[in-house]
Amino acid sequence: MDIVQVAQRIADDVLFPAALATDAGDVLPRELLDALAGAGLYGVVAPQDAGGLGADFRTLCAVQEALASGCLTTAFVWAQHNGLVRALAEGGPAELTARWLAPLARGEVRAGVALAGQLPRPPLRARPDAGGWRLDGVAPFVSGWGRIDVIYVAARAGDEIVWLLVDAAEGPSVRAEGLKLAALNATATVRVTFDQLPVAAGRMVRRHPVSAGTAPEVLRLHAAFALGVTARCGRMLGPSPLDAELASLRTELDRLGPGTAAARAAAGELALRAAAALMTTQGSRSLLVTEHGQRLAREALFILVYALRPASREALLARLGAPESG
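Residues numbered from 1 in each chain as written. Predicted model: local features only at pLDDT ≥ 70, side-chain atom pairs only at ≥ 80, totals over all residues. Heavy atoms only, no water.

(A) A look at the environment of V14. Within the secondary structure layout, V14 lies in helix α1 (residues 3–24). For V14, a relative accessible area of 30% puts it in the partly exposed group. Residues V14 and L28, spaced 14 residues apart in sequence, show a C-alpha to C-alpha distance of 13 Å. Residue contacts for V14: discarding those within four places in its chain leaves R9, L32 and A35. (Helix = DSSP H or I, 4+ residues; strand = E, 2+ residues; numbered from the N terminus. Buried < 20%, exposed > 50% of the residue type's maximum accessible area, 1.4 Å probe, protein only. Contact = heavy atoms within 4.5 Å.)

(B) Molecular detail of helix α6 (residues 216–237). Along its 22 residues, α6 runs 31 Å from first to last C-alpha, staying within 8% of the 32 Å computed at 1.5 Å per residue. Counting buried residues along α6, 16 of its 22 residues qualify, which places the element largely inside the surrounding structure. Looking one or two residues past α6, G238 carries a phi angle of roughly 95 degrees, positive in sign. (Expected span 1.5 Å × (residues − 1).)

(C) Spatial organisation of the nonpolar core. Core analysis: the biggest nonpolar cluster contains 79 residues, and L67, W78, L84 and V205 have the highest contact counts within it. Excluding residues that lie within four positions of it along the chain, W78 makes contacts with L33, L36, L41, Y42, V44, L60, V63, Q64 and L67. Residues A114, L124, V142 and V192 belong to the second largest nonpolar core, which totals 26 residues. (Core = buried A, V, L, I, M, F, W, Y, C linked by side-chain atoms within 4.5 Å.)

(D) Inspection of the pattern of salt bridges at higher detail. Scanning the entire structure with this criterion turns up 20 salt bridges. A salt bridge links D254 to R220, with the shortest nitrogen-to-oxygen separation between them at 2.9 Å. On the criterion of sequence distance, the pair formed by D254 in helix α7 (residues 241–254) and R220 in helix α6 is long-range, its members being 34 residues apart. A salt bridge links R285 to E291; its shortest N-O distance comes to 2.9 Å. Three or more residues are tied together by salt bridges with common partners; here these are E245, E269, R273 and R319. (Salt bridge = Lys/Arg side-chain N within 4 Å of Asp/Glu carboxyl O.)

(E) Here's a closer look at helix α2 (residues 30–38). Turning to α2, its buried residues number three or more, namely L32, L33, L36 and A37. Along the long axis of α2, the arc covered by the buried residues comes to 145 degrees, so they all point the same way. Across α2 from its buried face, at more than 90 degrees, point the exposed residues E31 and G38. In this fold, the buried residues of α2 make contact with α1, α3 (57–70), α4 (72–89) and α5 (94–106). Just downstream of α2, G40 is the residue with a positive phi angle, here 85 degrees. (Arc of directions from axis to C-beta.)

(F) Main features of the packing of α4 against α6. The contact between α4 and α6 brings their axes to 11 Å, and the two run at 160 degrees. By the angle between their axes, α4 is roughly antiparallel relative to α6. The handedness of the crossing between α4 and α6 comes out as right-handed. Of α6, the residues touching α4 (which contributes L72, A75, F76, A79 and R86) are E217, L221, F225 and V229. Among the residues making up the contact of α4 with α6, the classes are represented as 7 nonpolar, no polar and 2 charged. (Axes fitted to C-alpha atoms, helices over the stretch in contact; angles between N-to-C directions. Parallel < 35°, antiparallel > 145°, perpendicular 65-115°, else oblique. Left-handed = near helix turned anticlockwise from the far one by under 90°. Nonpolar A, V, L, I, M, F, W, Y, C, P; charged D, E, K, R; others polar.)

(G) The environment of A79, seen in detail. Residue position: A79 is located in helix α4. Contacts of A79, omitting those with residues within four sequence positions, involve Q64 and F225.

(H) Expanded view of the packing of aromatic side chains. Per the counting criterion, the structure on display carries 6 aromatic pairs. Ring plane angle 75 degrees and centroid distance 6.1 Å describe the contact between F225 and Y306, whose orientation is recorded as edge-to-face. Here the residue F225 occupies a position in helix α6, and Y306 occupies one in the loop between α9 (292–305) and α10 (310–320), the gap between them amounting to 81 residues. For F225, a relative accessible area of 2% corresponds to the buried category. Taking 5.9 Å as the distance between ring centres and 15 degrees as the angle between the ring planes, the aromatic pair formed by F302 and Y306 counts as stacked. For F302, a relative accessible area of 16% corresponds to the buried category. On the basis of relative accessibility, which here comes to 16%, the residue Y306 falls in the buried class. Three or more aromatic residues joined by ring pairs form one cluster here, namely F76, F225, F302 and Y306. The ring of Y42 has R110 sitting right over it, with the charged end atom 5.0 Å from the ring centre. Across the ring face of F16, the terminal group of R232 is positioned such that the distance to the ring centre comes to 4.1 Å. (Phe/Tyr/Trp six-rings, centres within 6.5 Å; stacked < 30°, edge-to-face > 60°. Lys NZ or Arg CZ within 6 Å of the ring centre and 35° of its normal.)

(I) The arrangement of the state of the cysteines in detail. The tally for this structure, following the rule as stated, stands at 0 disulfides. The structure places no disulfide on C71, whose sulfur is separated from the nearest cysteine sulfur, that of C233, by 14 Å. Classification of C233 as buried rests on a relative accessible area of 0%. (Disulfide = S-S within 2.5 Å.)

(J) Examining the layout of surface pockets more closely. Reported here for the largest pocket is a volume of approximately 1700 Å³. Residues that form the lining of the largest pocket fall into these classes: 30 nonpolar, 13 polar and 7 charged. (1 Å grid on protein atoms, 1.4 Å probe; cavity = no way out; pocket = protein on both sides within 12 Å on 5 of 7 lines; lining within 4 Å. Points joined across faces, edges and corners; volume = space filled by probe spheres on them.)

Have a look at this one:
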């Protein structure tokens, strides 16, 4: 069966029926992530010789969209894993790749991500120390705590960003503080403080200049969450003009061109409108926590602001008729 069809079947038959209960919990059920691992989706972009499915980038986006249409909480935690898998599969250090890629592809080891080193004023820094690194500062948002084994950490090191593989466990130099989110609270997102944590040199995955900027592929993956929420709203609404907007926007995003940042903003705004249309159609009952309308509306708000980059933020503010952030 086609990989995307497998993902959509799991979204419809496993994730969506459990989505309200998942949304109401403090941490998503492990068996939902196990279902993804059992279908091979933790290795969707890993090469086949490492036990993965060897899918291309467009397929990854389609799988992420499909899973997000079932339960954004589950899709969001799963999606954090793929950054590390892609980095190793696309040219990670040989020893690190040999040790980690296959168990990551099988879902036996599950990864989260901390992007604090990419922020304009990074709260997380790394400095060379005894042949390795010392990690110090704060990762404001790390999702999947208690469901992940390692964190793929971006830390600022001078004019570079270094990506390090760190165990997702508290200790003398690692402290996690739970956060209460208005949506996707069951992602078990935490604020992690690193206090001069030593990281072995062999745990550096990659490094690149800060000036490298944000690749269009990153924006495309962020937009896949919004497309998934829109798709679910559309299925619940029935045929509408939103369907054509969704298809057109997906095509624009797949071009990965100069317009990707604006298209990422448009995807967030479309999800918000689709959720509003669903709630309006359902009426006041959509406000009940037992209804999907309010869940999808909160998910739409989450992806509207999640990991916005400056260009997408300005494009989104323009679409919303708000002043530029300045």
